[in-house]
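# Notes for the structure review
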Amino acid sequence: MIELIKKLPKAELHLHIEGSLEPELMFRLAKKNDVKIPYENIEDVRKAYNFTNLQTFLDIYYAGANVLLTKDDFYDLTWEYILKCVEDNVIHTEIFFDPQTHTERGVPFEAVITGIKEALADAKEKYGITSCIIMCFLRHLSQEDAFETLEQALAFKDDIIGVGLDSSELGNPPSKFKEVFKKAKEEGFKLVAHAGEEADFSYIYEALDLLNINRIDHGVQSIKSPELMQRLKDEQMPLTVCPNSNIELKVFETYKEHNIKELLDYGLNISVNSDDPAYFKGYVNQNFINLYENLPITEDDVITLVKNSFRSAFIDDELKEAYLAKVDLALQ
Ligand SMILES: Nc1ncnc2[nH]cnc12
Ligand SMILES: [Zn+2]
């Protein structure tokens, strides 16, 4: 099974680039940019990565992002993630970034997007990896702030395929961002949102009905509503599930309690993603391996999950077919 996991080409649809900041790069950039970080050494950092819920993670994740200041920093961050894609046979990736985390500290929007974009262009040239960029609004901030961020993004419209919604879920429902998502849709952006990660399934209904999203990020709480499950199945609405993340943030106490197998068996369109791999102990392949080691996941399940990642990607039908054919070829 592990051989199968490794050899299959995959797409990743839920990856926060700031969440791929490995402690080694964090230290290197802290030194270069003269930014203080609350750790003495790498071991200290790993010890701090012991979360009890989403918020305890976000506090550390935003503190880590403080070391990112220049275009080159964002290039290096993205390039290191691309090298992990090469290792894990990820041939298409859709990357989230959180501009507000950086512009709030005085880092220009342009430095962030240009650094990411140039690394992705090099990834295409050197490894043939295709990619898109999705800009997320931080939901703990206001809709007005999100509108300002959308305004800044318009100058880079050709580089950004869609907008998303992340950060502290509880108390910040999708309805808070109804108007800015409406405007983003009018501007031609694809729409995604984190929903039903920690908060209940009413957030998933809001994301579907008020934000008109094309994909749900996480969505694991949908299992509590039979009616919602039926709808997600009928619509084949993609759910970008992140198993390691859900365990590390205590959405499920143990891997054995994760509901991905039930969601998949019910017929939902599920993919496997790494979310914030530097913080959650592993990249995409490690997520698959953990599923296999803890749940009754079959080889057919793995193939379905991988094919779903391409089916749900924001790429044209021709490329989708070409990638699905690559999966079939790897299976021969
Ligand atoms: N898992 C997650 N949920 C919400 N916001 C995030 N930002 C980075 N990772 C996140
Ligand atoms: Zn996420």
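Residues numbered from 1 in each chain as written. Chains lettered and ligands numbered in written order. Predicted model: local features only at pLDDT ≥ 70, side-chain atom pairs only at ≥ 80, totals over all residues. Heavy atoms only, no water.

Worth spelling out the cut-off: UniProt positions are given in the numbering used here, feature names are shortened, and annotations may be inferred rather than shown by experiment.
In the annotation of an unreviewed UniProt entry, the entry for the protein chain reads Adenine deaminase, and the organism field reads Psychrobacter namhaensis. Its UniProt record gives the protein chain a comment under Sequence similarities (unreviewed entry), which states: "Belongs to the metallo-dependent hydrolases superfamily. Adenosine and AMP deaminases family. Adenine deaminase type 2 subfamily." Recorded in UniProt under Function (unreviewed entry), the annotation for the protein chain is "Catalyzes the hydrolytic deamination of adenine to hypoxanthine. Plays an important role in the purine salvage pathway and in nitrogen catabolism."

### Some words on the overall build of the protein chain
Put simply, the test is: Helix and strand assignments come from DSSP, with helices taken as H or I runs of at least 4 residues and strands as E runs of at least 2, each series counted from the N terminus. Throughout, the radius of gyration refers to the C-alpha atoms, and the reference size of a globule is 2.2 Å times the residue count to the power 0.38. Relative accessible area decides the class of each residue, using a 1.4 Å probe on protein chains only: under 20% of the type maximum gives buried, over 50% gives exposed, and in between gives partly exposed. Here, residues are in contact when the closest pair of their heavy atoms is within 4.5 Å. For every accessible area listed, the method is Shrake-Rupley and the probe measures 1.4 Å; residues are considered covered only by the protein chains on display. Counted as positive: Lys and Arg. Counted as negative: Asp and Glu, with His and the chain ends omitted from the count. Here the site of a charge means NZ on Lys, CZ on Arg, CG on Asp, or CD on Glu.
Helix and strand counts for the protein chain come out as 16 helices and eight strands. Taken against the 2.2 N^0.38 rule, which gives 20 Å for 332 residues, the C-alpha radius of gyration of the protein chain at 19 Å falls within 12% of a compact globule. Overall, the C-alpha framework of the protein chain stretches about 50 × 45 × 40 Å when taken along its three principal axes. Across the 332 residues that make up the protein chain, the buried fraction comes to 59%. Put simply, 76% of the contacts in the protein chain that link residues at least 6 apart link residues at least 24 apart. Accessible surface, the protein chain as shown: approximately 13400 Å² in total, 49% of it carbon and sulfur. Taken as two groups, the 35 positive and 59 negative side-chain charges of the protein chain have centres that lie 2 Å from each other.

### Points about the UniProt feature "site: Important for catalytic activity" (unreviewed entry) in the protein chain
Mapped onto this numbering, the UniProt entry annotates "site: Important for catalytic activity" (unreviewed entry) at His218. By secondary structure assignment, the location of His218 is in strand β6 (residues 215-218). For His218, a relative accessible area of 0% translates into the label buried.

### Brief notes about the site of ligand 1
How we decide: Here, proximity means that at least one heavy atom of the residue falls within 4 Å of the molecule or strand. Pairs of N or O atoms within 3.5 Å make up the polar contacts considered here, provided that, within protein, one atom can donate a hydrogen while the other can accept it, and that residues adjacent in sequence are counted only when both atoms are side-chain atoms.
Taken together, His16, Leu54, Phe57, Leu58, Tyr61, Asp166, Ser167, His194, Glu197, His218, Asp275 and Asp276 make up all the residues around ligand 1. His16 is positioned such that a nitrogen or oxygen atom in its side chain is 3.4 Å from a nitrogen atom of ligand 1. For ligand 1, a nitrogen atom lies 2.8 Å from a polar atom in the backbone of Ser167. Relative to its unbound accessible surface of 260 Å², ligand 1 loses 100% to contact with the protein. At four residues, the largest contribution of residues to the shell around ligand 1 is made by helix α4 (residues 54-65).

### With respect to the coordination of the zinc ion (ligand 2)
Put simply, the rule reads: Shown as donors are all N, O and S atoms within 2.8 Å of a metal ion, widened to 3.2 Å for Na, K and Ca; because water is not in the atom set, sites may appear incomplete. Between 85 and 135 degrees for all angles marks four donors as tetrahedral; over 155 degrees for opposite donors together with 65 to 115 for all other angles marks four donors as square planar and six as octahedral; every other arrangement is irregular.
Ligation of the zinc ion (ligand 2) by protein atoms is provided by His14 (NE2), His16 (NE2), His194 (NE2) and Asp275 (OD), these donors lying 2.0 to 2.2 Å from the ion. Seen from the zinc ion (ligand 2), its four donor atoms lie at angles of 84 to 174 degrees, and the figure they make is irregular. Along the chain, the residues donating to the zinc ion (ligand 2) fall in the pattern H-x1-H-x177-H-x80-D. Taken together, the positions of His14 in strand β1 (residues 10-16) and His194 in strand β5 (residues 190-195) put the pair 180 residues apart, joining distant regions of the chain. By relative accessible area, His14 is classed as buried at 0%.

### Let's talk about the packing of helix α5 (residues 71-88) against helix α7 (residues 109-127)
So the rule is basically this: Inter-axis angles, ranging from 0 to 180 degrees, are taken between N-to-C directions of lines fitted to C-alpha atoms, where helices are fitted over the stretch in contact. In this scheme the crossing of two helices becomes right-handed for a clockwise turn of the near helix relative to the far one and left-handed for an anticlockwise turn of less than a right angle. In this count, Pro and Cys sit with the nonpolar residues alongside Ala, Val, Leu, Ile, Met, Phe, Trp and Tyr, while Asp, Glu, Lys and Arg are called charged and the others, Gly among them, polar.
Packing of α5 against α7 leaves a shortest axis separation of 7 Å and a crossing angle of 35 degrees. Crossing geometry of α5 relative to α7 is assigned as right-handed. Residues Lys71, Phe74, Tyr75, Thr78, Trp79, Ile82, Leu83 and Val86 of α5 touch α7, and the partners they reach there are Ala111, Val112, Thr114, Gly115, Ile116, Glu118, Ala119, Leu120, Asp122, Ala123, Lys126 and Tyr127. Among the residues forming the contact of α5 with α7, the class breakdown is 13 nonpolar, three polar and four charged.

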